[in-house]
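# Remarks on the overall topology
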Amino acid sequence: SEIIGHAKEVVRRNGLEDRITLLRGKAEEVALPVARVEVIISEWMGYCLLYEAMLPSVLAARDKWLAPGGLMMPNRATMQLSASSYSEA
């Protein structure tokens, strides 16, 4: 998606280019310039938490690169369902 462009602008405007590195790509395909990271931010949820099927990639990134005590953002999601019916009487 185009969110990386917005993220780069936020990093630049806050003068953090020397401390924050943004990468675009699948966790299984990108190469990091470091062995471990302190934070992983990913837009993995998709529509209704299901349709983009990105959770396996995010978990692969966590297992491969996240340092002990590191943060993943977002780190939780809630799905709420409700049953309903409609009948024309």
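Just so we're clear, the structure is a prediction, and the values are computed from it rather than from any experiment. (Residues numbered from 1 in each chain as written. Predicted model: local features only at pLDDT ≥ 70, side-chain atom pairs only at ≥ 80, totals over all residues. Heavy atoms only, no water.)

So, on to the overall build of the protein chain. Check the secondary structure of the protein chain and you find two helices and two strands. Reading the protein chain from its N terminus to its C terminus gives the helix and strand order α-β-α-β. Considering only C-alpha atoms, the protein chain reaches an extent of 65 × 30 × 25 Å along its principal axes. When burial is assessed residue by residue, the protein chain has 16% of its 89 residues classed as buried. As displayed, the protein chain offers around 7,700 Å² of accessible surface, 54% of which is attributable to carbon and sulfur atoms. (Helix = DSSP H or I, 4+ residues; strand = E, 2+ residues; numbered from the N terminus. Buried < 20%, exposed > 50% of the residue type's maximum accessible area, 1.4 Å probe, protein only. Areas by Shrake-Rupley, 256 points an atom, 1.4 Å probe, with all protein chains shown as cover.)

All told, the structure shown has three salt bridges when counted by the stated rule. The salt bridge involving Arg-12 is made with Glu-9; its shortest N-O contact spans 2.5 Å. Residue Arg-12 and its partner Glu-9 are both found in helix H1 (residues 3-13); the two are separated by three residues, about one turn of the helix. Measuring nitrogen to oxygen at the nearest pair gives 2.8 Å for the salt bridge that ties Arg-13 to Glu-9. Residue Arg-13 and its partner Glu-9 are both found in helix H1; the two are separated by four residues, about one turn of the helix. Linked through salt bridges whose partners overlap, the residues forming this network are Glu-9, Arg-12 and Arg-13. (Salt bridge = Lys/Arg side-chain N within 4 Å of Asp/Glu carboxyl O.)

In this fold, Leu-59 is placed in helix H2 (residues 55-65). Taking the C-alpha atoms as reference points, Leu-59 and Met-72, separated by 13 residues in sequence, lie 9.9 Å from one another.

Residues Val-39, Ile-41, Leu-71 and Met-73 make up a contiguous nonpolar surface patch of about 380 Å² in total accessible area. Mapped onto the fold, Val-39 is located in strand S1 (residues 37-41). On the basis of relative accessible area, Val-39 is assigned to the partly exposed category, the value being 38%. (Patch = residues over 30% accessible without salt bridge, like charges linked within 9 Å, V, L, I, M, F, W, Y side chains within 5 Å.)

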